[in-house]
Amino acid sequence: MSRLDSFIRRLTAQRDILNSIIDLVGETPGPVLEFGLGNGRTYDHLRENFPGRRIVAFDWEVRSYSASTPEAQDMVTGNIRESGQAFVGIGAALAHADIGTGHDEIDAVTLTWLPQLMAGVLAHNGIAVSGLPLEHPELMALPLPDGIKEGRYFLYRRT
Ligand SMILES: C[S@@+](CC[C@H](N)C(=O)[O-])C[C@H]1O[C@@H](n2cnc3c(N)ncnc32)[C@H](O)[C@@H]1O
């Protein structure tokens, strides 16, 4: 499969999973956390689908499209590994992490801390959506929407 096809399938999986959990997240109070603001595309999608929710975005620095940039109080810069710790216990309804790089050695380091952080920021029954697999005893894998192949993007509920 070409890299273009692979990229399109990953983004399709990302969008379809985010769309599939809108009602589920609606059942849980709490903010939405966006780990890896990037260009701000998924931030914009979350904002559109969770009107009225506080959405806090994280990245090394702000590099998003200006119309998809959070207000300063909801933008956290620096290494998520450290900056995310202040949000452990916040009781998020949804945490979305799109911080995989496609480089196995870099992603392996991210996976030494990301599952614990995701479990830590979520409320009971909160939803984790991730580009990297999250192995954690409190994160239960949920079935993916129809047509999304296992392993392309990941979906969990915090027990
Ligand atoms: C693939 S992009 C996210 C794209 C975003 N979902 C969008 O739709 O525009 C990944 C982002 O995560 C950020 N990132 C990755 N690891 C990080 C870390 N440890 N701390 C802070 N930001 C990180 C990168 O700087 C990059 O902007």
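Residues numbered from 1 in each chain as written. Predicted model: local features only at pLDDT ≥ 70, side-chain atom pairs only at ≥ 80, totals over all residues. Heavy atoms only, no water.

## Regarding helix α3 (residues 41-49)
Among all positions of α3, only Thr42, Tyr43 and Leu46 are buried. Looking straight down α3, one finds that the buried residues subtend no more than 105° of arc, so they occupy a single side. Residues Arg41 and Glu48 are exposed on α3 and point more than 90 degrees away from its buried face. For α3, the elements touching its buried residues are α1 (3-20), β1 (32-35), β2 (55-59) and β4 (92-97). (Buried < 20%, exposed > 50% of the residue type's maximum accessible area, 1.4 Å probe, protein only. Helix = DSSP H or I, 4+ residues; strand = E, 2+ residues; numbered from the N terminus. Arc of directions from axis to C-beta. Contact = heavy atoms within 4.5 Å.)

## A few points about the site of the ligand
Taken together, 16 residues form the shell around the ligand, and within it Thr42, Asp59, Arg63, Asn79 and Asp98 come nearest. A distance of 3.2 Å separates a nitrogen atom of the ligand from a polar atom in the backbone of Trp60. Relative to its unbound accessible area of 600 Å², the ligand is 81% covered by the protein chains. Split into classes, the residues belonging to the shell around the ligand amount to 5 nonpolar, 7 polar and 4 charged. (Near = heavy atom within 4 Å. Polar contact = N/O pair within 3.5 Å; in protein donor to acceptor, adjacent residues only side chain to side chain. Areas by Shrake-Rupley, 256 points an atom, 1.4 Å probe, with all protein chains shown as cover. Nonpolar A, V, L, I, M, F, W, Y, C, P; charged D, E, K, R; others polar.)

## Quick look at the pairing of β4
Taking burial as the measure, the 6 residues of β4 include 6 buried ones, the bulk of the element. Pairing analysis gives 4 bridges linking β1 to β4, with the strands arranged parallel. Bridge pairing links Glu34 to His96 in β4. As defined by bridge partners, β4 adjoins strand β5 (residues 122-130) across 5 bridges and the pair is classed as parallel. Opposite His96, over in β5, you have Val129 as the bridge partner. (Pairing = 2+ DSSP bridges.)

## Points about the sheet that holds β1
Strand-to-strand pairing in sheets goes through backbone hydrogen bonds, with the strands running parallel or antiparallel. Across the sheet, 7 strands lie side by side as β3-β2-β1-β4-β5-β7-β6; this open sheet has mixed pairing. Whereas interior strands pair on both sides, the edge strands pair on one side only; in this sheet they are β3 (75-77) and β6 (139-141). Between one strand axis and the next, the sheet turns by 20° as a mean value, whatever way the strands run. Pairing of β1 with β2, which is carried by 4 bridges, proceeds in the parallel orientation. Across the sheet, residue Phe35 finds its bridge partner in β2, namely Phe58. (Axes fitted to C-alpha atoms, helices over the stretch in contact; angles between N-to-C directions.)

## Some thoughts on the environment of Val32
You can see Val32 is positioned in strand β1. In this structure, Val32 is in contact with Leu46, Arg53, Arg54, Ile55, Val56 and Leu94, ignoring residues within four places of it in sequence.

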